[in-house]
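Structural overview for review
Spelled out from the first residue to the last, the chains are:
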Amino acid sequence: MELPTYKRSQLALRNGQDMDAIWVAYQGIIYDVGDSRLWKDGKHYEHWAGQDLTEELDQDAPHTAKVFERFESIGRLI
Ligand code: HEM
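Attention in this report is confined to the structure presented alongside it.

How each quantity is defined
Residues numbered from 1 in each chain as written. Predicted model: local features only at pLDDT ≥ 70, side-chain atom pairs only at ≥ 80, totals over all residues. Pairing = 2+ DSSP bridges. Helix = DSSP H or I, 4+ residues; strand = E, 2+ residues; numbered from the N terminus. Near = placed C-beta within 6 Å. Core = buried A, V, L, I, M, F, W, Y, C linked by C-beta atoms within 7 Å. Buried ≥ 20, exposed ≤ 12 C-beta atoms within 10 Å, placed from the backbone. Contact = placed C-beta atoms within 7 Å.

1. Brief notes about the sheet that holds strand β2 (residues 23-26)
Where strands meet in a sheet, backbone hydrogen bonds hold them as pairs that are either parallel or antiparallel. Taken in spatial order, the 4 strands of this open sheet run β1-β6-β3-β2, and their pairing is mixed. Each edge of the open sheet carries a strand with a single partner, namely β1 (5-6) and β2. Two strands pair when backbone bridges link them, and strand β3 (residues 29-32) and strand β6 (residues 73-77) are joined in this way by 3 bridges, in the antiparallel orientation. Its bridge partner lying in β6, Ile30 is registered against Gly75.

2. A short note on the pairing of β6
In this sheet, β6 lies alongside β1 in parallel orientation, the contact comprising 2 bridges. The residue of β6 that forms the bridge with Tyr6 is Leu77.

3. Quick look at the site of the ligand
Close contacts around the ligand come from 19 residues, with Ser36, Leu53, Glu56, Ala61 and Val67 the closest. Sorting the residues of the shell around the ligand by element identifies β2 and α2 (54-60) as the ones contributing at least two each.

4. Details of the nonpolar core
Inside soluble globular proteins, nonpolar side chains tend to come together where they are buried. Counting residues in hydrophobic clusters, the biggest one holds 13 residues, and the most contacted among them are Trp23, Val24, Ala25, Ile30, Tyr31, Val33 and Ala49. Within the residue set of this core, elements represented by two or more residues are β2 and β3. The greatest single-element share of this core, amounting to 4 residues, is contributed by β2. Among all residues touching Val33, those that are not within four sequence positions of it are Ile22, Val24, Trp39, Ala49 and Phe71.

Here's what the structure looks like:
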């Protein structure tokens, strides 16, 4: 089934501050990380939810994108 699509402005609201939802995008796919204690209030170390973090993960993270495996992909960023 096709994932629903969201614009950057819609993703931006799901930052754990403006709304309770905590979403992040990686390589065009949006993940709901709301049940992660590591993303409390939308913050993960120096990184904020509600945006596409592809570059930040590739450049700064001590881990790979495997961390997304346990999360549901809930949409596509357009
Ligand atoms: C300063 C940079 C970062 C640090 C120090 C950091 C550190 C960590 C650590 C220690 C974990 C838990 C264990 C592990 O799987 O390694 C983790 C999990 C995770 N990280 Fe990062 N991370 C960073 C950047 C990022 C970025 C840019 C993203 C992009 C979205 C990201 C997404 C995630 C996700 C989704 C998890 C899984 C959370 C969970 O399973 O509850 N991280 N990170």
